[in-house]
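Read off the chains here:
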Amino acid sequence: MHLPRVSAHTPSTVDDAGKQAAVLAPILVRDGTEHILFTKRADHLGEHPGQMSFPGGSLEPEDADLQATALREADEEIGLLAAETTIFGRIDDIRTVTDYAVRPFVGGVPDRQYDPDEREVAEVVALPVPELIDLDNYESERREHPIYGDHRVHYFHVDDYTVWGATGRMLVQLLELTTEWVMPEEPDRVVDADAELPV
């Protein structure tokens, strides 16, 4: 991965959302291959249960800034210490349907066993970048969205896991910035607004 491209990127910001949050997209090297670390959200959570996500959460009063939010949440969710994380930069803010502006940071982390907080995280999963950029593992669809209108939804299928939703949108930009992967120009299909989504 060409991670210096992240530090050279000038990210866009979302300044008019009701709430602020931050996530960390952790990058690690396992057996000589770069992986991206995801959490699988616990099934009992009220928002996005069972979905693949990056560690992160809401800005809290004690956080110095949104980078501190991302690092604190990564520690709370999976036991990743700020001292063992190298921040390379960030990618574009995204707006969610729950009126959050989410700021994604990208950081290098060690390949070790992580300790998920089972109140929030069912599993910590490292997915290999070569599999994520394999177009055989990618599909997308266009549908109407309550906030974004005509909107493209991305799906990355690797090892029985599917990354989609807001995390899928972040992953598209991260891969385009740091690898030779390019999002296909056209989606695979156009679906109705009420078409079924992954659970």
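Residues numbered from 1 in each chain as written. Predicted model: local features only at pLDDT ≥ 70, side-chain atom pairs only at ≥ 80, totals over all residues. Heavy atoms only, no water.

J.: Explain helix 4 (residues 165–178) residue by residue, including any values.
T.: End to end, helix 4 covers 20 Å across 14 residues, agreeing with the expected 20 Å (1.5 Å per residue, within 8%). Every buried residue of helix 4 is accounted for by G165, T167, G168, M170, L171, V172, Q173, L174, L175, L177 and T178. (Helix = DSSP H or I, 4+ residues; strand = E, 2+ residues; numbered from the N terminus. Expected span 1.5 Å × (residues − 1). Buried < 20%, exposed > 50% of the residue type's maximum accessible area, 1.4 Å probe, protein only.)

J.: Describe the pattern of salt bridges, naming the residues involved and giving the relevant values.
T.: On inspection of all chains with the given rule, the structure shows 14 salt bridges. E76 serves as the salt-bridge partner of R72, at 3.2 Å between the closest nitrogen and oxygen. In this pair, R72 and E76 are both assigned in helix 2 (residues 66–78), four residues apart and thus about one turn of the helix distant. In this structure E76 comes out as partly exposed when scored by relative accessible area, which is 40%. The residue R103 makes a salt bridge to D93 at a minimum N-O spacing of 2.9 Å. Taken together, the residues R103 in strand 7 (residues 100–108) and D93 in the loop between strand 5 (86–90) and strand 6 (94–95) connect sequence positions 10 residues apart. (Salt bridge = Lys/Arg side-chain N within 4 Å of Asp/Glu carboxyl O.)

J.: Pulling in residues and values, what's your account of the nonpolar core?
T.: A general feature of soluble globular proteins is that nonpolar side chains tend to end up buried together. Counting residues in each nonpolar core, the largest one holds 31 residues, and the members touching the most others are I36, F38, L132, F156, L171 and L174. Where this core is concerned, the elements lending two or more residues are strand 1 (19–30), strand 2 (33–41), strand 7, strand 8 (121–128), helix 3 (129–132), strand 10 (149–158), strand 11 (161–163) and helix 4. At six residues, helix 4 tops the list of elements feeding residues into this core. The contacts of F156, once residues within four sequence positions are left out, are L132, N137, Y138, Y161, T162, V163, G168, L171, V172, L175 and W181. (Core = buried A, V, L, I, M, F, W, Y, C linked by side-chain atoms within 4.5 Å. Contact = heavy atoms within 4.5 Å.)

J.: Mind laying out the side chain of S140, listing which residues take part and the relevant values?
T.: Relative to the assigned elements, S140 resides in strand 9 (residues 138–145). Apart from residues lying up to four places away in sequence, S140 is in contact with R152, V153, H154, Y155, P187, D188 and R189.

J.: Report on the sheet that holds strand 10, specifying residues and quantitative values.
T.: Strand-to-strand pairing in sheets goes through backbone hydrogen bonds, with the strands running parallel or antiparallel. As summarised here, the arrangement of the four strands in space is 11-10-9-12, forming an open sheet in which the pairing is mixed. For this open sheet the edge positions go to strand 11 and strand 12 (189–190), each flanked by a neighbour on one side alone. With three bridges joining them, strand 10 and strand 11 adopt antiparallel strand pairing. Of the residues in strand 11, the one forming a bridge with H157 is T162. Packing of helix 4 onto the sheet brings it into contact with strand 10 and strand 11, and relative to strand 10 it is tilted by some 80°. (Pairing = 2+ DSSP bridges. Axes fitted to C-alpha atoms, helices over the stretch in contact; angles between N-to-C directions.)

Geometry only, nothing functional implied.
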